[in-house]
Every structure is written in structure tokens, then in C-alpha cells.
Amino acid sequence: MNSFPPDPPESLDSLAAIRDNDWRAFLRLARMENHWDRRGWLPGRHSYHWMLSFPDAENVRLLSEHCQAQLPSAGFDMVPLDALHLTIGRIGFTDELPEEVALVIAEEATSPCRSLGPFSLTVGPLSGSVGALRFSVAPWSPLLKLHSRIALATNAVIGARCVMDTTRFRPHLSIAYANSPVSVPPLIPTVERLRGSPPAEVAVPSVDLVELWREDRAYRFETLKKLQLGGE
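Now for a look at the structure at hand. (Residues numbered from 1 in each chain as written. Predicted model: local features only at pLDDT ≥ 70, side-chain atom pairs only at ≥ 80, totals over all residues. Heavy atoms only, no water.)

Counted according to the given criterion, the structure contains 6 aromatic pairs. Judged by centre distance (5.2 Å) and plane angle (70°), the rings of Trp-36 and Tyr-177 are edge-to-face. Linking Trp-36 in the loop between strand S1 (31–32) and strand S2 (46–53) with Tyr-177 in strand S7 (residues 173–178), this pair joins segments that are 141 residues apart in sequence. The pair formed by Trp-36 and Tyr-177 is uniform in burial state, with each residue classed as buried. (Phe/Tyr/Trp six-rings, centres within 6.5 Å; stacked < 30°, edge-to-face > 60°. Helix = DSSP H or I, 4+ residues; strand = E, 2+ residues; numbered from the N terminus. Buried < 20%, exposed > 50% of the residue type's maximum accessible area, 1.4 Å probe, protein only.)

Structure below.
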């Protein structure tokens, strides 16, 4: 799958640069494609992923709920509010990689993640991609550092099987997945209006290794290991 936006923003720390880069890329799309039509995702298949989740971030849930309530239901599956997440990367499918190996990767990543330290993110405004309506998140710098350290740890354990590539990582938080081709131009007025909603600030103290699966056109996940950013 190609990265979206194709090019990163001019600044990895500027909310304005990240927001504008996401929006310009979405405006150039003629249509969205079915998010669920992805290679490798056979019925009942699970995978190991790294992600950020926000179980205590009421402001992120409220912002998501506010926007979801005004998005068209036709053509979209709304992300359950208890399953909002920011994907860092995939380790591999569970039928190709034993859980023990995923946990070894988590052990390998523990010290590099701890030395990174916690950080904060701004979630919003709303934008879109080829397969989802999603929030921009900023800054990117700590997220790319986190991705790079986890990718290095993953590569140290499974070598060439590692599919994480930091140069292709585009941080975002999806709130609605396209379940069929959707024309983009009719969406623009609604999304543009929702872009005026105040963004949400959220602290990121940890990153999770999860087992993830699809259920009723939604992602569900169970945390296997939580790695703290900073601290002992």
C-alpha cells in the first residue's frame, strides 16, 4: 500500500504544515477506495501491531463523536469510540509469527522506547486519505522517532521479514473507514466545516503491542505488552 500523503510535510513539528499537507493531498483525490479490501486480510486472520490507544482521553473521544455524528453513514464504517487508535506499524500476522517472537521484539524495544520519553500530540483537524476520514496529528518528530526505534528492534529479531519502514510512515488517527468507492468532492464541504472543530491535546506515555483483528467491519485489539516511554 502506498503512503498517504505521498510526500511528508515541509516541517515535522509544525501543526500548520502537517495539517495543510494532509488537506491538500485529500483535495487532490477524486475518490476513496474500500478500506477493507486489503491484501493479506483473510477472514478471521489476526496480526501483531504496535499502536497508541487513548482509553482515558475523553477529549479525543468527544471530538471523534462530534465529527462522526455529522459524517455521511452511506459508504463509511465509523470507528468505535472504544477502539480509537494510532497505528505505529505491523509486526506480522499471527499465523506467520508466534506470539513468543512478538514478545521478544517487545523486550528488544523496551529500552529504546524508555529512553525516548513521553510526549504530547495535537489530534485534529479532520482530513482524509484513500481509505479513511481521519485526523491529522502533530508533531510528527516524536512519532517518527518512536517508529524508527520499534522498527530497528523488530528488524533485530526477525530481519528481512520486518515490514516497518519509517520513511513511509504517515501518522494519523482514523474515525471512519470507506467500505466502498466514495466520491471525494461531495464530502469536502462537510469535512471542511468540521475542520473548524477545536483539536484535542493528548499525552502519550506508552506504546502498546497488540493482537489486532477485524470484527463487523471494525478493528478490535487486545494489549499484549505496554512499553513505557521514559521512567524506570
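Following the sequence through the fold, Ser-64 ends up in helix H2 (residues 58–68). Taking the relative accessible area as the measure of exposure, Ser-64 reaches 0% and is therefore buried. From its side chain, Ser-64 meets the backbone oxygen of Val-60 in a polar contact 2.8 Å long. Residues contacting Ser-64, with those up to four places away along its chain left out, are Leu-81, Leu-84, Phe-135 and Ile-175. (Polar contact = N/O pair within 3.5 Å; in protein donor to acceptor, adjacent residues only side chain to side chain. Contact = heavy atoms within 4.5 Å.)

Time to look at the sheet that holds strand S9 (residues 200–204). Ordered by their spatial adjacency, 5 strands build an open sheet running S3-S7-S6-S5-S9, and the pairing between neighbours is antiparallel. Every interior strand has two partners, whereas the edge strands, strand S3 (76–78) and S9, have only one. Between one strand and the next, the sheet's axes are offset by a mean angle of 30°, whatever the strand orientation. Contacts from helix H1 (residues 15–27) reach strand S5 (119–128) and strand S6 (132–138) within the one sheet, and its direction differs from that of S5 by about 25°. Running over the sheet, H2 touches S3, S5, S6, S7 and S9 and is turned about 140° from S9. (Pairing = 2+ DSSP bridges. Axes fitted to C-alpha atoms, helices over the stretch in contact; angles between N-to-C directions.)

Our focus in this paragraph is unusual backbone geometry. Residue Pro-125 is bonded to the preceding Gly-124 through a cis peptide linkage, with omega at 10°. Positive phi outside glycine occurs at Asp-216, with the angle close to 55°. A positive phi angle is found at Arg-217, which is not glycine, with a value near 55°. Take Arg-217: it is sitting in the loop between strand S10 (206–214) and strand S11 (219–228).

The values are spatial; any link to function lies outside them.
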